[in-house]
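Fold and geometry: a report
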Amino acid sequence: MLGVSELSTGAALLCLGGAVWLVGGRHSGVRRARLLFAGGGAVGTGPPGTGRLTAGAARVTEELRRLRGRLRAEWWSPVAGLVLAVLGASVLPLVVAAAGVPVLRRARLAGQARRTRERRQDAVIGLCAFLAGEVRAGRQPGEALLCAARESGGLGDGQPTVLAAARFGGDVPGALATAARQPGAEGLRGLAACWRVAVDQGAGLATGLDRLAGALRAERDSRADLRAQLAGARATAAMLAGLPALGLLFGVALGADPLRVLLHSGAGLGCLLAGGALEGLGMWWVSRIVRRAEAEA
């Protein structure tokens, strides 16, 4: 059975908790009443500091999101190099990681350029399809082009020039040919040819635009199929490139010290240089094969 002291302590704690709950509830009720009578709108029902904590967490999350957006992928290379330099007690991994920053930055920019080019290609296809529908609905070509450009955005940086030419009776095919110089906007040359034929010879613009949109879609689908077929080769190359790191992890798991051997012995440095050269040569060769296949297709 519990003693008198334990019962007294439990009762005191219970009374203290009830007093705290009553005081907190009274203060929160007073705060809600003040906000309601002052026209403060919706009122939270949490503890007094809940709103401030939520706002602080939201600010921290937003700052982390901004930092992640500013910290590019290539800057993780020096971080990894620093970790390896500390673990291996050598400055060589940090130097190699710093030298790899431009390479990774170039790869990232190439990926961004490819995605921008693909988005522009899709926008040009949408422009042609929308323009064909507007012309078939009875709009004049210039008015239809103005509406289609606003809806699809397929003209890119050349949109002001093309729209000015369409609005004031300028050289629309020439403006389209100039806008087609942007990466991914090559389909605008076909649009310029259709426009020129329709204006000079009175041919049906909508029919030509439908055929152009179909041809651009077929070309886009063939590129997507080729990229899907080459995805296996890229994945295999990436897997083979990661095998040396996996070997180092296996060495650490077996109780060896591969970083000390590679970074602090002549034979290890020779193997590291030879392996790095062969690794780079293999990645370059695979990339060359993939680029040649894409160019030939």
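Look above for the structure.
Residues numbered from 1 in each chain as written. Predicted model: local features only at pLDDT ≥ 70, side-chain atom pairs only at ≥ 80, totals over all residues. Heavy atoms only, no water.

Description of helix α7 (residues 172–179)
Of the positions making up α7, those classed as buried are Val172, Pro173, Ala175, Leu176 and Ala179. Angular distribution of buried residues about the axis of α7 spans 160°; they occupy a single face of the element. The N-capping residue of α7, defined by a side-chain oxygen 3.2 Å from the backbone nitrogen of Gly174, is Asp171. (Buried < 20%, exposed > 50% of the residue type's maximum accessible area, 1.4 Å probe, protein only. Helix = DSSP H or I, 4+ residues; strand = E, 2+ residues; numbered from the N terminus. Arc of directions from axis to C-beta. Polar contact = N/O pair within 3.5 Å; in protein donor to acceptor, adjacent residues only side chain to side chain.)

Some words on the side chain of Ser90
Topologically, Ser90 is positioned in the loop between α3 (76–88) and α4 (92–136). Judged by relative accessible area, which is 16%, Ser90 ranks as buried. For Ser90, the side chain forms a polar contact with the main-chain nitrogen of Leu92, separated by 3.3 Å. Sequence-distant contacts of Ser90, defined by excluding residues within four places in its chain, comprise Ala85, Leu263 and His264. (Contact = heavy atoms within 4.5 Å.)

Digging into the pattern of salt bridges
A side chain of one charge can pair with a side chain of the opposite charge when the charged atoms of the two come close. Scanning all chains against the criterion turns up 9 salt bridges. Among the ionic pairs, Arg136 bridges to Asp210, the shortest N-O distance being 2.3 Å. Taken as a pair, Arg136 in helix α4 and Asp210 in helix α9 (residues 205–253) lie far apart in primary sequence, 74 residues in all. Its relative accessible area of 52% is what places Arg136 among the exposed residues. For Arg223, the salt bridge identified is with Glu219, shortest N-O distance 3.1 Å. Placement of both Arg223 and Glu219 in helix α9 is noted, with a separation of 4 residues, approximately one turn of the helix. For Arg223, a relative accessible area of 26% puts it in the partly exposed group. (Salt bridge = Lys/Arg side-chain N within 4 Å of Asp/Glu carboxyl O.)

With respect to the state of the cysteines
Here the structure, examined in full by the defined rule, presents 0 disulfides. A disulfide-free cysteine, Cys194 has its sulfur positioned 7.5 Å from the sulfur of Cys128, the nearest such atom. (Disulfide = S-S within 2.5 Å.)

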